[in-house]
Amino acid sequence: MASRDQLIFVVFSLASLIFSCSTIDAQLSPLFYARTCPNLQAIVRETMIQAVRSEPRMGASILRLFFHDCFVNGCDGSILLDDKPGFIGEKSALPNARSVRGFEVIDAVKSNVEAVCKATVSCADILALAAQDGVVLLGGPSWVVRLGRRDSTTASLTAANTNLPPPFANLDVLKSMFANKGLTARDMTALSGAHTIGFGRCVNFRAHIYNDTNIDPNFAALRQATCPASGGDNNLSPIDPSTPILFDNSYYQNLLRHRGLFHSDQELFNGGSQDALVAAYSFSRLLFYGDFVAAMIKMGDISPLTGTAGQIRLNCRVVDS
Ligand code: HEM
Ligand SMILES: *[C@@H]1O[C@H](CO)[C@@H](O)[C@H](O)[C@H]1NC(C)=O
């Protein structure tokens, strides 16, 4: 006998499935591989379970990889391409170098998928599924992932350098960088809740903890202890100090206490347009989850390659010739 919660969940899942199939952008569909690779989701999940079990941070790293893929010419797996002679990819862009990680995990997922569904599933879709698993495995919400993206045959170092928001950005810059991707300020504030998991490097928050005034002095002192005024650029701190491997809403609770790690985080609660929403998310984890899921689906819809555009790479790191 199914419990009431299970029934509600099934109804909700069906409703979101129908909804997601009937939106204007009908190119992507949760059922895209239903016939060609019916066990896809389970294969991705199984590999992600192992990866997150051996290193919980990996859930965060893969989520960020998906964000950095989607914001650079759409969710097309372009971030996964390695540099090689005559081909410069996105990995050496300023926001990515020494920073994005998890490529080996995507390789492992891809090879497990290839073993069962040969030359069928794109790296871009694998990343979309793996990112959702990362969130779920760290205690966050799940959603119906829309599929059918194909892989790029190109990458853009320039676009990676200009389209990815820097941690030094103010609220107006953040809003306009997300607007350029068709995402609202509300989407941006919800997506930023991804900073409830994972770690950041000293070089990215040094100016904030030494020079900004909208920061709790105790928190600044705590972070200065492992992030010196000069040197130690790659020293890591948790972005959410209380629960760095739990996908909850404490990111927003931290912002209310002026404990944002990056300048850009604290911009969301600094007397501006997003203050009320940050406060609302800090009170209601479920409000945050609902908006986060909606915004993740929107982000996953950014400029996909579909139909016969692009290709299905066999190795996510190289373009098939
Ligand atoms: C709003 C603008 C954003 C800025 C300025 C920003 C900036 C950053 C920076 C600087 C780091 C640390 C990188 C390092 O120090 O090496 C980071 C980490 C992270 N970001 Fe963002 N981010 C933003 C939005 C997002 C979004 C939309 C997502 C996903 C939906 C996301 C997910 C993450 C995650 C999960 C980490 C931790 C990764 C890990 O531990 O490997 N961020 N972000
Ligand atoms: C803080 O601001 C001062 C004055 O603008 C500058 O010289 C210094 O480099 C800044 N420190 C950091 C860590 O950004």
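Quick caveat, the model's predicted, so the values are computed rather than measured.

**Points about the side chain of Asp-69**
- With respect to the element layout, Asp-69 can be found in helix α3 (residues 57–70).
- Notably, Asp-69 is buried but unbridged: the nearest opposite-charge side chain belongs to Arg-313, and the N-O separation is 6.8 Å.
- If near-sequence neighbours (up to four positions away) are discounted, Asp-69 is found in contact with Gly-74, Cys-75, Asp-76, Gly-77, Ser-78, Ile-79 and Leu-127.

**Regarding the site of ligand 2**
- Every residue close to ligand 2 is listed here: Arg-206, Ala-207, Tyr-210 and Asn-211.
- At 2.2 Å from an oxygen atom of ligand 2 is found a side-chain nitrogen or oxygen belonging to Asn-211.
- Computed on the free molecule, ligand 2 has an accessible area of 360 Å², of which 34% lies beneath the protein chains in the complex.
- Residue composition of the shell around ligand 2, by class: two nonpolar, one polar and one charged.

**Focus: the site of ligand 1**
- In the vicinity of ligand 1 lie 25 residues, with Ser-61, Ser-99, His-195, Arg-201 and Asn-204 positioned nearest.
- Here an oxygen atom of ligand 1 sits 2.7 Å away from a polar atom, N or O, in the side chain of Arg-57.
- With respect to ligand 1, the side chain of Asn-204 contributes an N or O atom lying 2.7 Å from an oxygen atom.
- Of all elements in the fold, only α3, α7 (171–179) and β1 (199–201) reach the threshold of two or more residues within the shell around ligand 1.
- Among the elements that line the shell around ligand 1, the one with the most residues is α3, at five residues.
- Looking at the shell around ligand 1, its residues break down into 13 nonpolar, eight polar and four charged.

**Observations concerning the UniProt feature "binding site: heme b" (unreviewed entry) in the chain**
- UniProt feature "binding site: heme b" (unreviewed entry): in the numbering of this structure it lies at His-195.
- Turning to its location among the elements, His-195 is positioned in the loop between α8 (185–191) and β1.
- Aside from chain neighbours lying at most four places away, what touches His-195 is Ile-239, Asp-240, Tyr-251, Phe-262 and Asp-265.

**Description of empty space enclosed by the protein**
- With the rule as written, the count across this model stands at one cavity of 30 Å³ or more.
- Here the largest cavity defines a volume of roughly 70 Å³.
- Lining the largest cavity we find Phe-66, Ala-128, Trp-143, Val-144, Val-145, Arg-146, Arg-149, Met-296, Ile-297, Gly-300 and Asp-301.
- It is helix α14 (residues 285–300) that contributes the most residues to the lining of the largest cavity, three residues altogether.
- Looking at the lining of the largest cavity, its residues break down into seven nonpolar, one polar and three charged.

**Let's talk about the UniProt feature "site: Transition state stabilizer" (unreviewed entry) in the chain**
- UniProt records the feature "site: Transition state stabilizer" (unreviewed entry) for Arg-64 in the present numbering.
- Among the secondary structure elements, Arg-64 is positioned in helix α3.
- Residues within four places of Arg-64 in sequence aside, it is in contact with Pro-95, Ser-99 and Val-100.

**Focus: the packing of helix α2 (residues 40–54) against helix α5 (residues 123–137)**
- Contact pair α2 / α5: the axes reach a minimum separation of 9 Å and the direction vectors enclose 50°. In terms of axis orientation, α2 runs oblique to α5. Relative to α5, α2 is oriented so that their crossing is right-handed. Residues Leu-40, Gln-41, Val-44, Arg-45, Met-48, Ile-49 and Val-52 of α2 form the contact with α5, whose participating residues are Ile-126, Leu-129, Ala-130, Gln-132, Asp-133, Gly-134, Val-136 and Leu-137.
- Taken together, the residues of the contact of α2 with α5 sort by class into 10 nonpolar, three polar and two charged.

**Section: the pattern of salt bridges**
- Applying the stated rule across the entire model yields 12 salt bridges.
- Taking the shortest distance from any N to any O, the salt bridge between Arg-317 and Asp-82 comes out at 3.3 Å. Separated by 235 residues along the polypeptide, Arg-317 in the segment after α14 and Asp-82 in the loop between α3 and α4 (103–116) bring together distant segments of the chain.
- Close ionic contact of Arg-186 with Asp-291 constitutes a salt bridge, the shortest N to O distance being 2.8 Å. With Arg-186 in helix α8 and Asp-291 in helix α14, the pair connects residues that are 105 residues apart, well separated along the chain.

**A look at the state of the cysteines**
- All told, the structure shown has four disulfides when counted by the stated rule.
- Two residues, Cys-37 and Cys-117, share a disulfide whose sulfurs are 2.0 Å apart. Disulfide Cys-37-Cys-117: torsion about the S-S bond near 80°, hence right-handed. Remark: Cys-117 occurs in the loop between α4 and α5 and Cys-37 occurs in the loop between α1 (4–21) and α2; sequence separation between them is 80 residues.
- Accessibility expressed as a relative area gives 1% for Cys-37, which makes it buried.
- By relative accessible area, which is 5% here, Cys-117 ends up buried.
- In the chain, the bonded cysteines, numbered by position in the sequence, are linked as 1-4, 2-3, 5-8, 6-7.

**Overview of unusual backbone geometry**
- If you check the backbone angles, Asn-73 has positive phi at about 55° while not being a glycine.
- You can see Asn-73 is positioned in the loop between α3 and α4.
- At Ala-119, a position not held by glycine, the phi torsion is positive, near 50°.
- With respect to the element layout, Ala-119 can be found in the loop between α4 and α5.
- What makes Ala-119 partly exposed here is its relative accessible area of 44%.

Rules used throughout
- Throughout, a residue's number is its position along its own chain's written sequence, starting from 1.
- By the order in which they are written, chains take letters starting at A while ligands take numbers starting at 1.
- This being a predicted model, a pLDDT of at least 70 is required before a residue's local features are given, and a value of 80 or more before pairs of side-chain atoms are given or counted; all residues contribute to the totals for chains, interfaces and linings.
- Think of the side-chain values as coming from all heavy atoms in the structure, minus any hydrogens and water.
- Secondary structure follows DSSP: runs of H or I at least 4 residues long count as helices, runs of E at least 2 residues long count as strands, and numbering of each begins at the N terminus.
- Relative accessible area decides the class of each residue, using a 1.4 Å probe on protein chains only: under 20% of the type maximum gives buried, over 50% gives exposed, and in between gives partly exposed.
- Lys and Arg are tallied as positive, Asp and Glu as negative. Neither His nor the chain termini are counted.
- For this document, the term salt bridge refers to a Lys or Arg side-chain nitrogen within 4 Å of an Asp or Glu carboxyl oxygen.
- Contacts are assigned to residue pairs with any non-hydrogen atoms lying within 4.5 Å of each other.
- Only a single heavy atom is needed: when it lies within 4 Å of a molecule or strand, its residue is near that molecule or strand.
- Each polar contact in these results corresponds to two N or O atoms within 3.5 Å; when the atoms are within protein, one needs to be able to donate a hydrogen and the other to accept it, and residues that are neighboring in sequence are counted only if both atoms are side-chain atoms.
- We get accessible surface area from the Shrake-Rupley algorithm with a probe of 1.4 Å; when it comes to residues, only the shown protein chains can shield them.
- The classification used treats Ala, Val, Leu, Ile, Met, Phe, Trp, Tyr, Cys and Pro as nonpolar, Asp, Glu, Lys and Arg as charged, and all other residues, Gly among them, as polar.
- UniProt positions are given in the numbering used here, feature names are shortened, and annotations may be inferred rather than shown by experiment.
- Only protein atoms enter the 1 Å grid used here, on which a cavity is any set of points holding a 1.4 Å probe that cannot leave and a pocket is any open set flanked by protein within 12 Å on both sides along at least five of seven lines; residues with an atom within 4 Å of a point are listed as lining.
- Grid points are joined across faces, edges and corners, and a volume is the space filled by probe spheres set on the points.
- To define axes, lines are fitted to C-alpha atoms, for helices over the stretch in contact only, and angles between the resulting N-to-C directions are given on a 0 to 180 degree scale.
- Roughly parallel means an angle under 35 degrees; roughly antiparallel means over 145; roughly perpendicular covers 65 to 115; every other angle is labelled oblique.
- Two helices cross in a left-handed way if the nearer one is turned anticlockwise from the farther one by less than a right angle. They cross in a right-handed way if the turn is clockwise.
- Pairs of cysteine sulfur atoms within 2.5 Å are identified as disulfides in what follows.

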